[in-house]
Amino acid sequence: SLPFLTAIRLKTLLISAVDDPMLPPEVLDEVREIADRNPALETEFVGKGGHAGFITGSFPWRPLYYAEHRVGEFFAEQFGQAPSPSTLTAQTREMT
């Protein structure tokens, strides 16, 4: 999909983990280079998360899904309704 990244015009969040076993880290370097030249692309490459990861939480029966929260934040930012840090903290507490 690398060749298609230059054509994206709608603000897009590209989220991935550096330790994704299905995607070599070198590919993320290529994505960063392309994203640096395309203002519609925002990258967020975290160190750990695996392939379908980004799962955290203190209890196995109450997981928190980082990617889902981050995408919600991204959409809120795009629509000018970015939640405040205190709102996010309260929402996270409600989930636990």
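In this text, all values refer to a predicted model and were calculated from it rather than measured experimentally.

**Things to note about the pairing of strand β1 (residues 12-17)**
Direction of pairing for β1 relative to strand β2 (residues 41-46): parallel, over a ladder of 6 bridges. Bridge pairing in β2 places L14 opposite T43. In terms of handedness, the path from β1 via helix α2 (residues 25-36) over to β2 forms a crossover that is right-handed.

**Looking at the packing of aromatic side chains**
Within the structure shown, the criterion is met by 1 aromatic pair. Between F74 and F75, the aromatic rings sit 6.3 Å apart at their centres with planes inclined by 50 degrees, giving tilted as the arrangement. Exposure remark for F74: the relative accessible area of 4% places this residue in the buried category.

**Here's the deal with the pattern of salt bridges**
Within this structure, the stated rule accounts for 5 salt bridges. Its salt-bridge partner being E42, residue R70 comes within 3.1 Å of it at the nearest N-O pair. One end of the pair, R70, is in helix α3 (residues 66-78); the other, E42, is in strand β2, with 28 residues separating them in the sequence. For E73, the salt bridge goes to R70, with nearest N and O atoms at 3.7 Å. With E73 and R70 both in helix α3 and 3 residues apart, this pair spans about one turn of that helix. A residue is classified by how much of its surface remains accessible, and E73, at 22% relative accessible area, is partly exposed.

**A look at a nonpolar patch on the surface**
The grouping of V71, F75 and F79 at the surface amounts to a nonpolar patch, some 310 Å² of accessible area in total. Here F75 shows up in helix α3. The class for F75 is partly exposed, based on a relative accessible area of 46%.

**Section: the environment of P39**
With respect to the secondary-structure elements, P39 resides in the loop between α2 and β2. Relative accessible area serves as the criterion here: at 72%, P39 is assigned to the exposed category. Separated by 29 residues in sequence, P39 and L10 place their C-alpha atoms 9.4 Å apart.

**Things to note about the layout of surface pockets**
Here the largest pocket defines a volume of roughly 190 Å³. Along the walls of the largest pocket sit S1, L2, L5, L14, I15, S16, L23, V27, L28, V31 and F45, which together make up its complete lining. Sorting the residues of the lining of the largest pocket by element identifies α1 (2-5), β1 and α2 as the ones contributing at least two each. Looking at side-chain class alone, the lining of the largest pocket contains 9 nonpolar, 2 polar and no charged residues.

Calculation notes
- Residues numbered from 1 in each chain as written.
- Predicted model: local features only at pLDDT ≥ 70, side-chain atom pairs only at ≥ 80, totals over all residues.
- Heavy atoms only, no water.
- Pairing = 2+ DSSP bridges.
- Helix = DSSP H or I, 4+ residues; strand = E, 2+ residues; numbered from the N terminus.
- Right-handed = clockwise from strand over helix to strand, strands pointing away.
- Phe/Tyr/Trp six-rings, centres within 6.5 Å; stacked < 30°, edge-to-face > 60°.
- Buried < 20%, exposed > 50% of the residue type's maximum accessible area, 1.4 Å probe, protein only.
- Salt bridge = Lys/Arg side-chain N within 4 Å of Asp/Glu carboxyl O.
- Patch = residues over 30% accessible without salt bridge, like charges linked within 9 Å, V, L, I, M, F, W, Y side chains within 5 Å.
- Areas by Shrake-Rupley, 256 points an atom, 1.4 Å probe, with all protein chains shown as cover.
- 1 Å grid on protein atoms, 1.4 Å probe; cavity = no way out; pocket = protein on both sides within 12 Å on 5 of 7 lines; lining within 4 Å.
- Points joined across faces, edges and corners; volume = space filled by probe spheres on them.
- Nonpolar A, V, L, I, M, F, W, Y, C, P; charged D, E, K, R; others polar.

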